[in-house]
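Here's the letter readout for the chains.
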Amino acid sequence: TLGGTMVKISGSGFGNCSNIDVKFGDLMTCEVSECSNTELICNTERISKVHQLNNGGRHPVYGPGYVWSDIELEILPGDTVEWVWNLQVASKETGISVQQVESPANNEWDGKGFKSEKGPKGRLRQQFYSPGDYFYSSQPVFGKELFMKGKIQVVSDTEDSTSALSVMMEDIPAAQEVVADTGSVAYDGCALSPGSDCIADPVSSHAFLFTMAVCLTPSVSSVVISSGSSNASAMPISGFNGAGLIIEGSGFSDNSCQNVVSLGDNHHCVVTSSSTSQLTCTVDGAGETPMPSLKEQKIAVTVRNSGSALMAVSDPDTAKFYLVPKVTSTNVKNEEFNAAATTASPSTGVAPEIPSDTDYCDMDAAHTMCIYSGPSEECQAKATGREFTEEGKNLILNKHNELRKRVSTGGESGQPEASNMRKL
């Protein structure tokens, strides 16, 4: 029901397909990937909708402009929601924003999901892939009491849909001579297992029909990282190149080459083993364009001949992979860097001598350790220790988070609010 199926269409007069448009009703487009005058191969893609919300609702106390036009919106996976707002009368402190919150009772963004800047006018677009309820709120529009809240409910298909094939060359539809489907599409040497018989083929004498069947749609229920994980990121699925993922769900193929796990638009997680309910794969971040570190890569699963999987995970953040950089070796030449390490030698247990001020001045006269040769006599007289206690560490950490929170919430004069500043 979500697309991702490869379709071969045979006939004549296709030319080079530069002006051919392939659709299945109003539900699916089919992007042409290969073409000749007598045959084309295309990949189905669901036609997603954009739902726009505005601040045109009427508040019982403050009047129009302070309630969203639809506070409970139901959409399908893959659809996009666009919030657009414009306050006709606004002071410096007045503004609207949108941020995902944990529940209807919450107003604070918890560091997950979508978030916009606050202002008298603006917009935010968010695409939703996983079924579930997504609650959102604004920051205080003015004062400390008025919040603009709402809910996005993403629901998966529960019924099959059947649509007719349409092949258009500009404004001219191709004539269709309906015959039985006797062939299949080749996938790079992957021999396809027989498809499911959970639904009968549609029958028509005047057009080829395509059924988007719920029973044929694969589904992902969980994604966990099994090896190569990293605690350097707050996101649940973050790891190094070569990390292992375990994906559980239903509708997969036990023929490994039929399962494709994509990471973003340009990379894959190579499937190493599979069953109808579980896939294991290895992250491959190499390629002509290496995977960027710490950038969201949407995890997508496609089963060849069954289509794209529904990402029915309980936490949408687990449907995103973040690559963490990793240093595997270093090579430092003494003549280029003359500052000795301060860690103890494994063989002697004795730490090397601390570099002198001259060492740093030789590197750069503007180096901090060259400009400031050490603590002043007054500070040195007050020194009572050279190690931090656990209490001291926590004190520094808590104060640091306190100051970060002040910046992130816009409480620091001259600084904008943060959009993704997480607690340390």
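For the structure itself, look to the data block above.
Everything numeric here is computed off the predicted structure, so don't read it as measured data. (Residues numbered from 1 in each chain as written. Predicted model: local features only at pLDDT ≥ 70, side-chain atom pairs only at ≥ 80, totals over all residues. Heavy atoms only, no water.)

Engineer: Mind showing me how you'd approach the sheet that holds strand 12 (residues 132–137) here?
Structural biologist: Strand pairing in a sheet relies on backbone hydrogen bonds, with the paired strands running either antiparallel or parallel. Here we have four strands laid out as an open sheet, ordered 8-13-12-10, and mixed in their pairing. Each edge of the sheet is formed by a strand with only one pairing partner; in this case those strands are strand 8 (72–75) and strand 10 (99–101). The average angle at which neighbouring strand axes cross in this sheet is 30°, direction not considered. Bridge count for strand 8 against strand 13 (residues 150–154) is four bridges, and the pairing is parallel. In the strand pairing of strand 13, glutamate 74 is matched with glutamine 153. (Pairing = 2+ DSSP bridges. Helix = DSSP H or I, 4+ residues; strand = E, 2+ residues; numbered from the N terminus. Axes fitted to C-alpha atoms, helices over the stretch in contact; angles between N-to-C directions.)

Engineer: Hey, could you run me through the sheet that holds strand 5 (residues 50–54) in this one?
Structural biologist: Within the open sheet, the three strands sit side by side as 5-9-11. Their pairing is mixed. Only two strands of the sheet have a single partner each, and these edge strands are strand 5 and strand 11 (121–127). In this sheet, adjacent strand axes meet at a mean angle of 15° when their direction is disregarded. Where strand 5 lies against strand 9 (residues 80–86), five bridges are found, and the strand directions are parallel. If you follow valine 50 over to strand 9, its bridge partner there is threonine 80.

Engineer: So what exactly am I meant to see when it comes to the nonpolar core here?
Structural biologist: Soluble globular proteins tend to bury their nonpolar side chains together. Val220, Ile247, Val261 and Phe321 are the most contacted members of the largest nonpolar core, which totals 25 residues. Contributing elements (two or more residues each) for this core: strand 17 (219–229), strand 18 (238–250), strand 19 (259–263), strand 20 (267–274), strand 21 (278–284), strand 22 (297–303) and strand 25 (320–323). Of all hydrophobic cores here, the second largest spans 21 residues; its members include Trp68, Leu87, Phe128 and Val154. (Core = buried A, V, L, I, M, F, W, Y, C linked by side-chain atoms within 4.5 Å. Buried < 20%, exposed > 50% of the residue type's maximum accessible area, 1.4 Å probe, protein only.)

Engineer: Can you help me understand unusual backbone geometry in this one?
Structural biologist: The phi angle of most residues is negative, glycine excepted, and most peptide bonds adopt the trans form. The backbone of cysteine 17 sits at a positive phi, close to 65°, despite the residue not being glycine. Mapped onto the elements, cysteine 17 comes out in the loop between strand 1 (3–10) and strand 2 (20–24). The class of cysteine 17 is buried, set by a relative accessible area of 9%.

Engineer: How do you make sense of the pairing of strand 13 when you look at a structure like this?
Structural biologist: Consecutive side chains along a regular strand alternate between the two faces of the sheet. With four of its five residues buried, strand 13 lies for the most part within the structure. In this structure, strand 12 lies alongside strand 13, joined through five bridges in antiparallel fashion. Within strand 13, the position partnered with phenylalanine 135 by the bridge is lysine 151.

Engineer: Teacher, can you tell me more about the state of the cysteines here?
Structural biologist: A disulfide bridge is the covalent bond that connects two cysteines by way of their sulfur atoms. Taken as a whole and judged by the stated rule, the model has six disulfides. Across the disulfide from cysteine 17 sits cysteine 35; the S-S distance is 1.9 Å. Taking the sign of the S-S torsion, 75° for the link of cysteine 17 and cysteine 35, the bridge is right-handed. Here cysteine 35 lies in strand 3 (residues 28–35) and cysteine 17 lies in the loop between strand 1 and strand 2, a separation of 18 residues in the sequence. A sulfur-sulfur distance of 2.1 Å marks the disulfide that ties cysteine 269 to cysteine 281. Taking the sign of the S-S torsion, 95° for the link of cysteine 269 and cysteine 281, the bridge is right-handed. A residue pair is termed long-range when its members are at least 10 positions apart, and cysteine 269 in strand 20 and cysteine 281 in strand 21 qualify at 12 residues. Note on cysteine 281: relative accessible area 3%, which makes it buried. (Disulfide = S-S within 2.5 Å.)

Engineer: Can you walk me through helix 4 (residues 390–408) in this structure?
Structural biologist: Look at helix 4: 26 Å from first C-alpha to last across 19 residues, which is about the 27 Å you get at 1.5 Å a residue. Remark: glycine 410 follows helix 4 within two positions and exhibits a positive phi of approximately 85°. (Expected span 1.5 Å × (residues − 1).)

Engineer: What's the story with the packing of aromatic side chains in this structure? I'm lost.
Structural biologist: Describing an aromatic ring pair means giving the distance of the ring centres and the angle of the ring planes. The full count for this structure, using the stated rule, is 10 aromatic pairs. Ring geometry for tyrosine 66 and phenylalanine 142: centres 5.8 Å apart, planes at 90°, overall edge-to-face. Residue tyrosine 66 is located in strand 7 (residues 63–67), and its partner phenylalanine 142 is located in the loop between strand 12 and strand 13; the two are separated by 76 residues in the primary sequence. Taking relative accessible area as the criterion, tyrosine 66 reaches 13% and is therefore assigned buried. Aromatic pair phenylalanine 114 and phenylalanine 128: ring centres 5.9 Å apart, planes at 80°, arrangement edge-to-face. Of the two residues, phenylalanine 114 sits in the loop between strand 10 and strand 11 while phenylalanine 128 sits in the loop between strand 11 and strand 12, which places them 14 residues apart along the sequence. Residue phenylalanine 114 is classed as buried on the basis of its relative accessible area of 4%. Residue classification places phenylalanine 128 among the buried positions, given a relative accessible area of 3%. (Phe/Tyr/Trp six-rings, centres within 6.5 Å; stacked < 30°, edge-to-face > 60°.)

Engineer: Looking at this structure, I do not really get the pairing of strand 25. What am I missing?
Structural biologist: The side-chain alternation of strand 25 yields two buried faces, one formed by Lys320 and Tyr322 and the other by Phe321 and Leu323. When strand 18 meets strand 25, the two strands line up parallel, connected through two bridges. Note on strand 25: the bridge partner recorded for serine 238 is tyrosine 322. The sheet contact formed by strand 22 and strand 25 spans two bridges and is antiparallel. When the sheet's bridge partners are listed, glutamine 297 is paired in strand 25 with phenylalanine 321.

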